[in-house]
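Given next are the chains, with one letter for each unit.
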Amino acid sequence: VWFAWQAYRDRADQVYAAVRGAAPQLVTEKKGDIFRTSLAEDAAGHIHVAWSQRDGEEWDLWERIYDGGRWSSPLRISSGHSPNIFHKLVNTGATLKLVWVAHDDGQSYLYTASWDGGKWSPGQRAGGPSVWSPDAAPDSQGNLMVAWDSYQKGNYDIFFRKIHADGALDPVEQVTTSPKFQAHASIAVDKLDRAWLAWDESGVNWGKDWTHTDP
């Protein structure tokens, strides 16, 4: 069992990883502004640790790979479409997938990429606009189930999409349609390949930019 996390010390962040029962290992080579970590094992048994890090005004995704003996040099996964955030690595069985939120012209979109054993494929847009906080899980056929929340209808709702193993995209499904606040989707797939969703829910107007004097 592997773990990855970010830690804050001396006014900066660094990323650590550890296998159960062993001392933590420092993954990042230098301190910086870091947002979230994600960890997964690829088909070769190598451990990938990814994080989002600020460089000037840009936020890009980086990773290092552990082959059982040493860590690779840091590899930049994303380029452009900043900020690149809310990333998650998912092992689908045959390959490793990455989902994250990237931006174009001020709008947030769902992006995906695949690991081919030596490098990441170019990021492909798979949902949006107004994608936030995606989660993903594989089924037994190597397909990827993805859910996220979006403000595109004027309030926070949950959306879902199935991405097939060959890259084909099913239509985006809107799961919730009420005026309530529904966000932060979590997804899992059972042994029958059914996708199960959970999310945070609160009242109408929760999370909106308004004051108590606004009617």
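Note that this is a predicted model, so its numbers are computed, not measured.

K.L.:
Just to check I follow, could you spell out the sheet that holds strand 1 (residues 2-9) for this structure?
P.N.:
Neighbouring strands of a sheet are bound in pairs by backbone hydrogen bonds; such pairs are parallel or else antiparallel. Spatially, three strands are ordered 1-2-3 in an open sheet, and the strand pairing comes out antiparallel. Either end of the sheet is taken by a strand with one partner, and the two such strands are strand 1 and strand 3 (25-26). Pairing geometry for strand 2 (residues 12-19) and strand 3, over two bridges, is antiparallel. Among the inter-strand pairings, Ala-17 is bridged to a residue of strand 3, identified as Gln-25.

K.L.:
For this particular structure, what's the right way to read the packing of aromatic side chains?
P.N.:
For any pair of aromatic rings, geometry is given as the distance between the ring centres together with the angle between the planes. As enumerated under the stated definition, the model contains 12 aromatic pairs in all. Pairing Trp-2 with Tyr-66 gives two aromatic rings, centres 5.5 Å apart and planes at 55°, and the pair type is tilted. Of this pair, Trp-2 sits in strand 1 while Tyr-66 sits in strand 6 (residues 58-66), and the two are 64 residues apart along the sequence. When the ring of Trp-2 is compared with that of Trp-71, the centres are 6.3 Å apart and the planes differ by 90°; the resulting orientation is edge-to-face. Pair noted here: Trp-2 is in strand 1 and Trp-71 is in the loop between strand 6 and strand 7 (75-76), with a separation of 69 residues, a long-range link. Following the ring pairs from residue to residue traces out a cluster consisting of Tyr-151, Tyr-156, Phe-181 and Trp-206.

K.L.:
Can you walk me through the layout of surface pockets in this structure?
P.N.:
Rolled over the atoms, a probe as big as a water molecule pinpoints where empty space is left. Put simply, the largest pocket is a space of about 220 Å³. As for the largest pocket, its lining consists of Thr-28, Glu-29, Lys-30, Trp-51, Gln-53, Arg-54, Asp-55, Trp-62 and Pro-74. Sort the elements by how many residues they give to the lining of the largest pocket and strand 5 (residues 47-55) lands first, with four residues. Its residues assigned to classes, the lining of the largest pocket comprises three nonpolar, two polar and four charged.

K.L.:
Quick question: what am I supposed to make of the pairing of strand 5 here?
P.N.:
Sheet faces and side chains relate simply in a regular strand, where the side chains alternate between the two faces. The buried fraction of strand 5 amounts to seven of the nine residues, a majority that puts the element mostly inside the structure. Bridging between strand 4 (residues 34-41) and strand 5 involves seven bridges; their strand directions are antiparallel. Considered in strand 5, the bridge of Ile-34 is made with Gln-53. Of the strand pairs in this sheet, strand 5 and strand 6 are connected by nine bridges, and their pairing is antiparallel. Bridged to Gln-53 within strand 6 is Asp-60. Linking two consecutive strands that pair antiparallel, namely strand 5 and strand 6, is a turn of two residues; a positive phi of about 70° is found at Gly-56 within it.

What counts as what
- Here the residue index of a chain counts from 1 through its sequence in written order.
- Side-chain atom pairs in this predicted model are given and counted only at pLDDT of 80 or more, local residue features only at pLDDT of at least 70, and totals for whole chains, interfaces and linings cover all residues.
- Side-chain metrics in this entry use all non-hydrogen atoms of the structure; hydrogen atoms and water are not considered.
- Strand pairing is defined by DSSP finding a minimum of two bridges between the two strands.
- Helix numbers and strand numbers start at the N terminus; a helix is a DSSP run of H or I with at least 4 residues, a strand a run of E with at least 2.
- Any pair of Phe, Tyr and Trp rings, taking the six-membered ring for Trp, is counted once the centres come within 6.5 Å. Such a pair is stacked with planes under 30 degrees apart, edge-to-face with planes over 60 apart, and tilted for the rest.
- Buriedness for pockets is judged along seven lines, at least five of which must meet protein on both sides within 12 Å for an open set on the 1 Å grid over protein atoms alone, while cavities are sets there where a 1.4 Å probe fits but cannot get out, and lining residues have an atom within 4 Å of a point.
- Grid points are joined across faces, edges and corners, and a volume is the space filled by probe spheres set on the points.
- Amino acids outside the nonpolar list (Ala, Val, Leu, Ile, Met, Phe, Trp, Tyr, Cys, Pro) and the charged list (Asp, Glu, Lys, Arg) are all regarded as polar, and Gly is one of them.
- Any residue under 20% of the maximum accessible area for its type is buried, any over 50% is exposed, and the rest in between are partly exposed; the area is computed with a 1.4 Å probe on protein chains only.

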